[in-house]
Amino acid sequence: MSDLAAAEAPATGLRDGHRGPVVHIGHPDRGARRGPDPVVLASLAVAVLGTTLVLWSTGATGRPAVQAWCTVLLAITLQATPFLVLGVLVSGLLAAFVPAGAFAALLPRHPALAVPVAGLSGAVLPGCECSSVPVAGRLVDRGVPAAAALTFLLAAPAINPVVIVATFVAFPGTPQVAVARFGAGLLAAVAVGLVWTRVRRPVRSLHPAAPTAPTGQRWRVARETAAHDFLHAGGYLVLGGALAATLQVVVPRSALDAVAGHPVLSVAALAVLAVVLSICSEADAFVAAGLSQFSLTARLVFLTVGPMVDVKLVALQVGTFGAAFTARFAPLALLSAVASALLVARVVL
Amino acid sequence: MRALGPLLVLLTGVVTLRLALTGAYTSYVRVGMLWALVASGALLTYLGLAGLWRLRAQPQDQGDHGHAGDHGHERAPRVALLLLLPLVVAYVVAPPSLGAYSARLSGGAALAGERTGYAPLPTGEDGVADADLSDTVRRALYDDAATLDGTRVRVVGFVVPTAEPPGGAAAAGRPRVLLTRFVIRCCAADGTPAQVDVALPPGAAAPAADQWLEVVMTYAGDGPREAAPRSTAESARPVPPPADPYET
């Protein structure tokens, strides 16, 4: 590829240098066209939800329900902003300084090896799920096989050192919770990755492919990629935050307490809570510690599901990989997370 | 509208910086997030300015020719317009920290606590100990050594009106409120209320929901563990909302 041409038209759909399993196939335009439709639909949904809330409380901004909704929306977006910025910064630097295909060359060729390696390498990104989505999207763009990039996407927020240390601190009496969390997170991520190598569904990042940047332009490419990724992911973050805020105001958390004692329902309840709350994986251990009416097994499910599937994260994934992909990926991740947590809890807790 | 993207990034950066530097952010996230917010706000501001600067420097280059589709770097994706939502909310609604409405939604979820390891509460010259509301609740519910019993503590929280009608033998003539403070681990989205069921001094007017009070009170002793611990107040005065409305 000509570096000059690349600099002139940074947003061409051209990609090369893929060495792994099929990452995207078919007409390059199809994926690109598939993007905007769910975006418009989802934006519409939020607009409708928001308007309903405002209309429903005719006093508008003075009403407690509206204020509570606004507080939670601002809380989620503000809390996520530094992590999202970290993620898009890493994404921008990857796009500018790492040649397409470089990571794919580092990974073992056999997917059964590449996936666990990708899962373990998730331990080096010290962020939460808001950082890992743009980074994983960029990894796909840089030619990392889809299954490996997705394993990284799921593993990074679940097993990185910051999260594991936070879990140790949150459960001072029971250090095995942190161990179990690491095991269940890695297991769930690798399982999803291995399933993905089998199904070989095409994955494409909706982010524009950034060609290898010419030397003099690298910082500019890094800046523009970071800004663009922020606009993209940030929009979806707000969408997810708005949905999570709506769910929190509409479905009171006290509704969950009724099922705390039931072995099956309590697991289901905490899995649902993890999806609805959409809290950062660096803080969810403290929340889990507070859910003392639930069993450790149910709380491990909460800790394993949260970093992999939640409302805010699903919105981010739709933005990065598309709605059709997320409709398959999120349920698979949820299933894998719950199963892994139950399995590990049996052995460790 | 190629300027839309950089403008949105710039606006988000400026508003993040402003919320951080004015201290308004403490209504939504932990105080410790200050420097992370300042750093990310500054970086976004820089990215936005750099993008605008480049448009100024090269006004009509490479905009619409070539293969740049609607996913190109040159145009903001439509979903990015949603970034305006929190910015508008921050300025138009400027929502307060979590209050009585959210406390009622949370139900009576009890705080978790240890059974041991509570240092004695140091009392000041007036014989009253300043305490966090959440610490007070934990001591009342869990402390095996009963360090709270008989101690006069001064706590600050906001009012959640009690559901049940006033009255009861012990609390005759004393209006009762749930004095509340949210405990957050990360941001307001994970807030859990710490609540003490306080019998205010006799004859006091029942304060409105969300009114912040500074209360000097004494724990009334063993109650049911699942409910808010009961206390009797010797004084209660309205105070402005504290700079950090949450406890951690």
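Up top is the structure these notes are about.
Residues numbered from 1 in each chain as written. Chains lettered and ligands numbered in written order. Predicted model: local features only at pLDDT ≥ 70, side-chain atom pairs only at ≥ 80, totals over all residues. Heavy atoms only, no water.

Participant: Hey, could you run me through the packing of helix α7 (residues 129–141) of chain A against helix α8 (residues 146–159) of chain A in this one?
Facilitator: What describes two packed helices is the angle between their axes and the distance between those same axes. All names here are of chain A. Where α7 meets α8, the closest approach of the two axes is 9 Å, and the angle between their N-to-C directions is 165°. As summarised for this structure, α7 and α8 are arranged roughly antiparallel, according to the angle between their axes. Helix-helix and strand crossings are classified by hand; for α7 and α8 the assignment is right-handed. Touching Glu-129, Ser-132, Val-133, Val-135, Ala-136, Leu-139 and Val-140 of α7 are Ala-149, Phe-152, Leu-153, Ala-156 and Pro-157, all from α8. Its residues placed into classes, the contact of α7 with α8 shows ten nonpolar, one polar and one charged. (Axes fitted to C-alpha atoms, helices over the stretch in contact; angles between N-to-C directions. Helix = DSSP H or I, 4+ residues; strand = E, 2+ residues; numbered from the N terminus. Parallel < 35°, antiparallel > 145°, perpendicular 65-115°, else oblique. Left-handed = near helix turned anticlockwise from the far one by under 90°. Contact = heavy atoms within 4.5 Å. Nonpolar A, V, L, I, M, F, W, Y, C, P; charged D, E, K, R; others polar.)

Participant: Where do I start with the packing of helix α6 (residues 111–121) of chain A against helix α10 (residues 176–199) of chain A in this structure?
Facilitator: All names here are of chain A. Running from N to C, α6 and α10 cross one another at 145°; their axes reach a closest spacing of 9 Å. Of the two possible hands of crossing, α6 and α10 adopt the one that is right-handed. For the pair α6 and α10, contact is made by Pro-111, Ala-112, Val-115, Pro-116, Gly-119 and Leu-120 and by Phe-182, Leu-186, Val-190, Gly-193, Leu-194 and Thr-197, respectively. In terms of residue class, the contact of α6 with α10 is built from nine nonpolar, three polar and no charged.

Participant: Help me out: how do you make sense of helix α2 (residues 34–57) of chain B in this one?
Facilitator: Between the first and last C-alpha of α2 of chain B there are 34 Å, a value that for 24 residues agrees with the 34 Å anticipated at 1.5 Å per step. Within the sequence span of α2 of chain B, burial applies to Leu-37, Val-38, Ser-40, Gly-41, Leu-44, Thr-45, Leu-47, Gly-48, Ala-50, Arg-54 and Leu-55 of chain B. Considering only its buried residues, α2 of chain B is in contact with α4 (64–97) and α11 (218–250) of chain A together with α1 (4–22) of chain B. (Expected span 1.5 Å × (residues − 1). Buried < 20%, exposed > 50% of the residue type's maximum accessible area, 1.4 Å probe, protein only.)

Participant: Help me out: how do you make sense of the pattern of salt bridges in this one?
Facilitator: Here the idea is simple: oppositely charged side chains can pair when their charged atoms come close. Summed over the entire model, instances satisfying the criterion amount to 16 salt bridges over all chains. Between Arg-220 of chain A and Glu-224 of chain A there is a salt bridge; the shortest N-O distance is 3.1 Å. Of this pair, Arg-220 of chain A and Glu-224 of chain A both sit in helix α11, separated by four residues, roughly a single helical turn. Relative accessible area serves as the criterion here: at 13%, Arg-220 of chain A is assigned to the buried category. Residue classification places Glu-224 of chain A among the buried positions, given a relative accessible area of 18%. With a closest N to O distance of 2.7 Å, Asp-197 of chain B and Arg-176 of chain B form a salt bridge. Separated by 21 residues along the polypeptide, Asp-197 of chain B in strand β4 (residues 192–199) and Arg-176 of chain B in strand β3 (residues 176–183) bring together distant segments of the chain. Just as Asp-197 of chain B is buried, Arg-176 of chain B falls in that class too. (Salt bridge = Lys/Arg side-chain N within 4 Å of Asp/Glu carboxyl O.)

Participant: Help me understand the pairing of strand β2 (residues 152–161) of chain B in this model?
Facilitator: On any regular strand, side chains alternate: one points to one face of the sheet, the next to the other face. Residue and element names in this part refer to chain B. In terms of residue burial, β2 counts as a mostly covered element, since seven of its ten residues are buried. Pairing geometry for strand β1 (residues 129–130) and β2, over two bridges, is parallel. Residue pairing for β2: Asp-130 is matched across the bridge by Arg-154. The sheet contact formed by β2 and strand β5 (residues 212–219) spans seven bridges and is antiparallel. Across the sheet, residue Val-153 finds its bridge partner in β5, namely Met-217. Where β2 lies against β3, four bridges are found, and the strand directions are antiparallel. Counterpart to Phe-158 in the pairing with β3 is Thr-180. (Pairing = 2+ DSSP bridges.)

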